[in-house]
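# Structural overview for review
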Amino acid sequence: MAAISEGQSGTGSETAARQRWLAVLARTPRERLEAALSELMPAPRYRPLKPAEAGLVMVRGRAGGTGSRFNLGEMTVTRAAIALEEGPVGIGYVPGRDRRRAELVAVFDALLQLSDRRASLMAALIEPQAAEIEAARANRAAKVAATRVSFFTMVRGE
Amino acid sequence: MYVATKGGEQAIANAHALLAEDRRGDPTVPEITPAQIREQLRLGIDRVMAEGSLYDPDLAALALKQARGDQVEAIFLLRAYRTTLPRLGYSEPVATPEMRVHRRISATFKEIAGGQILGPTFDYTQRLLDPSLAETGEIADAPAAGQGVAHPLPRVADTIGREGLLEPDAAEQDDGPIADLTREPLRFPADRAMRLQALARGDEGFLLSMGYSTQRGYARNHPFAGEIRMGEVAVEMVAPELGFAIDIADICVTECDMVNQFKGSKTELPQFTRGYGLVFGYGERKAMAMALVDRSLRAEELGEEITAPPQDPEFVLYHCDNVEASGFVQHLKLPHHVDFQSELHVVRGMRAEAEKALAESPFKEAAE
Amino acid sequence: MQTVTLSGFAEPPRDSQVTFRAMLAAIAEPGLVQRVELALDAPAPLGRALASACLTLLDFETPVWLAPGIGKAAGDWIAFHTGAPLATDPAAAAFAVLAEGDDLLPLDRFALGSDESPELGASLLVQVRGVAADAGAVWFGPGIETTRRVAVDGIDARFWPARAALAPLFPRGLDIFFCAGDRVVALPRTTKVEG
């Protein structure tokens, strides 16, 4: 599982770094991506390699949780690929059918591959978004934890 | 036999207009939005996604609105919609042991690692109608514990399994293709992958009744809810453009690991066997029923005597899909005018013969 | 795959339908030349018709075998845009893509299907120098009212007897699309060729 939080992504390789930002971007609302893009000066120039397309991904499970695979059901997924003028190719996979969001994810995936852009984008977009995702998860986990049963033994008789 | 007929276009158009008007209901009441359905009738959404076999809460909300709340109709709408989209690929199997748990209970052990976590359950409500919900208003924040639920949460199956008391999950031989009902028809014998897919999208009511019958003695089944968990899992898939797996979404699923009766033979020590349920969304009743029926369908594999419908894969799998079942039952509404004319003719002829025989009968008077 | 910088279809749903329609017409009437005239920025040696055919027919469920002449740039482009897994063994491929000058022979290295599932026979997408009607060999069979003359320019002469030798295996066999520029002509397994 690709980790959202920093430092959990293991090897620290280029692939692991990319897996992490793609996982964060897939969970970033479109408005936030648009806002982050509009702040970039000069605006990045790119062209679509694969126009954003909505489709289906068959989600699989495993019998018993860890056994043989089976097909659970499909989900809607939209994907896009773009090429920046500077060269890097970015891809975007997002749940649902928002084509613009998939394209924006692809744009940021490409921008994050540029060494002169990466640090500022990580600080301005990826890290704050990752922190928000983690905070929401922690908040939920704390509320769920409050429903944990604390057993105590009833003393019978006197 | 069906005969092409013409006419009725105006009637159909008007029926659609009347349907739209009835869907809207009293115009002095504010119109409901798909977002309201998605947020406030979430369990209805979850069932539509599970049995529509398509995870998309917005589409499920739209389908429920369009279907005026008729779940089977909404499921049909999702099944029809999915045929318009291309398949982009298969996900990696979701890792339910790594689920971000919103609820997790076990009926087999009181003390389990990580604890009994009730989550947002109806179980301990009194099932008394709450008049306060007839009004709108603010609700209090749910209390939070100082520390969140452990992640990942240890599985109950791993605890029992360590002693060899529980049959292990069947390991996979290879990573080749597996049965996919969206690409191929049901075939028998149906392997576990095909059965689980059919059950995961099967009708909750049908599976509930089938599962219930196994408990009442229509299949030798002595189940315990080993673990039920509901929460979020990450969906990962290998992007062909990249050649490595990426994490593309979190989805909510409910999982049930049902632990069943001893099994043993001359060569194997007795141990517990298992049935498995996994469904999209928060669908605990469905996941439990699925696990019961998955286990009863393993009768042949486990060398059990087959005596009841829940053990018969053809009976269960051919009838568990509510889109198919609804289509075949409702096709009886189609004009069968010619069929019926021929039946009328036959029945009239039979009656005439019977009346003639009766009139000529020497016992006629006695009979009167 | 980071070398891929050329785009695929501008409008995938529309463009793939247009191409599919042309391919369907081609295989329904073997020997009739169809045109696929979509603007497409495909790498050499893929001509417009062959590149469009790849984008239309290949996907993540159709293993494809690429002949050596296709090269890395075109191979990466096909893999990136279609998601089709690359088969190292031609027998495991649903489709094979060959460039001009690639050896078509031996034909029986490709999947021929089985008597129960003849549809599992491979489809070959072959780039050639030219295809022309009303010249060359005589084609006849299903989809051809009487006969048609078709010239396929730039393939090894030994291909024709090798293909004829597969005929007794019917319904097993290979279906072939010859592409030249924006022109495509189909040679399904049912078509017979003389001269």
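If you're wondering where the values come from, they're calculated on a predicted model, not measured in any experiment.

With that out of the way, let us pick up the interface of chain A and chain C. Contacts between the two partners involve eleven residues from chain A and, on the opposite side, eleven residues from chain C. Interface area for chain A against chain C, summed over the two sides, is near 860 Å², with a carbon-plus-sulfur share of 53%. At the junction of chain A with chain C, the criterion picks out zero salt bridges. Considering each element in turn, the side of chain A that touches chain C owes the most residues, five residues, to strand β1 (residues 46-62) of chain A.

A word on helix α3 (residues 42-52) of chain B. Residues and elements named next belong to chain B. Most of α3 sits out of view: eight of its eleven residues are buried. Residues Gly-44, Ile-45, Asp-46, Val-48, Met-49, Ala-50, Glu-51 and Gly-52 constitute the buried set of α3. The first or second residue beyond α3 is Ser-53, which carries a positive phi of 60°.

Moving on: the sheet that holds strand β7 (residues 175-180) of chain C. Reading across the sheet, the six strands line up as β1-β8-β7-β4-β3-β2 (chain C) and stay open at both edges, with mixed pairing between neighbours. The open sheet terminates on both sides in strands that have one partner only, identified here as β1 (34-35) and β2 (64-66) of chain C.

A word on the domain arrangement of chain B. All names here are of chain B. Here chain B is described as being made up of domain 1 (9-82) and domain 2 (150-168 + 178-231 + 248-326). The centre of domain 1, based on its C-alpha atoms, is set 30 Å off from the matching centre of domain 2. The partner domain 2 presents 18 residues to the 14 residues of domain 1 that form the contact. Both faces combined, the contact of domain 1 with domain 2 buries some 1,300 Å², and carbon together with sulfur accounts for 57% of it. Ranking the residues of domain 1 by area buried against domain 2 places Glu-51, Tyr-55 and Arg-79 at the top, with a combined share of 41%. One salt bridge connects Asp-321 with Arg-79, and the closest N-O pair in it is separated by 3.0 Å. One can count seven residue pairs in polar contact (both at pLDDT 80 or more) joining domain 1 with domain 2. The set of elements that each furnish at least two residues to the side of domain 1 that touches domain 2 consists of α3, β1 (54-55) and α5 (71-82).

Residue and element names in this part refer to chain C. Ordered by their spatial adjacency, three strands build an open sheet running β6-β5-β9, and the pairing between neighbours is antiparallel. Looking at strand neighbours, the two that pair on one side only are β6 (148-153) and β9 (192-194), the edges of this open sheet. This sheet shows a mean twist of 65° between the axes of neighbouring strands, independent of strand direction. As judged from the three bridges shared by strand β5 (residues 130-140) and β9, these two strands associate in the antiparallel manner. Bridge pairing in β9 places Val-138 opposite Glu-194.

Before going further, it helps to spend a moment on the interface of chain A and chain B. Contacts between the two partners involve 53 residues from chain A and, on the opposite side, 80 residues from chain B. Counting each side, the surface lost to burial between chain A and chain B is near 6,100 Å², with a carbon and sulfur contribution of 60%. Linking chain A to chain B there are eight salt bridges. One salt bridge connects B:Glu241 with A:Lys50, and the closest N-O pair in it is separated by 2.6 Å. Those elements that provide at least two residues to the side of chain A that touches chain B are α1 (14-25), β1, β2 (69-84), β3 (89-95) and α4 (115-145) of chain A. The residue makeup of the side of chain A that touches chain B, split by class, is 25 nonpolar, 14 polar and 14 charged. Sheet topology places β2(A) next to β1(B); two bridges connect them, and they run parallel. Residue pairing for β1(B): A:Glu74 is matched across the bridge by B:Leu54.

Conventions used here
- Residues numbered from 1 in each chain as written.
- Chains lettered and ligands numbered in written order.
- Predicted model: local features only at pLDDT ≥ 70, side-chain atom pairs only at ≥ 80, totals over all residues.
- Heavy atoms only, no water.
- Contact = heavy atoms within 4.5 Å.
- Buried area = accessible area lost by both parts, 1.4 Å probe.
- Salt bridge = Lys/Arg side-chain N within 4 Å of Asp/Glu carboxyl O.
- Helix = DSSP H or I, 4+ residues; strand = E, 2+ residues; numbered from the N terminus.
- Buried < 20%, exposed > 50% of the residue type's maximum accessible area, 1.4 Å probe, protein only.
- Pairing = 2+ DSSP bridges.
- Domains from an automatic or database assignment.
- Polar contact = N/O pair within 3.5 Å; in protein donor to acceptor, adjacent residues only side chain to side chain.
- Axes fitted to C-alpha atoms, helices over the stretch in contact; angles between N-to-C directions.
- Nonpolar A, V, L, I, M, F, W, Y, C, P; charged D, E, K, R; others polar.

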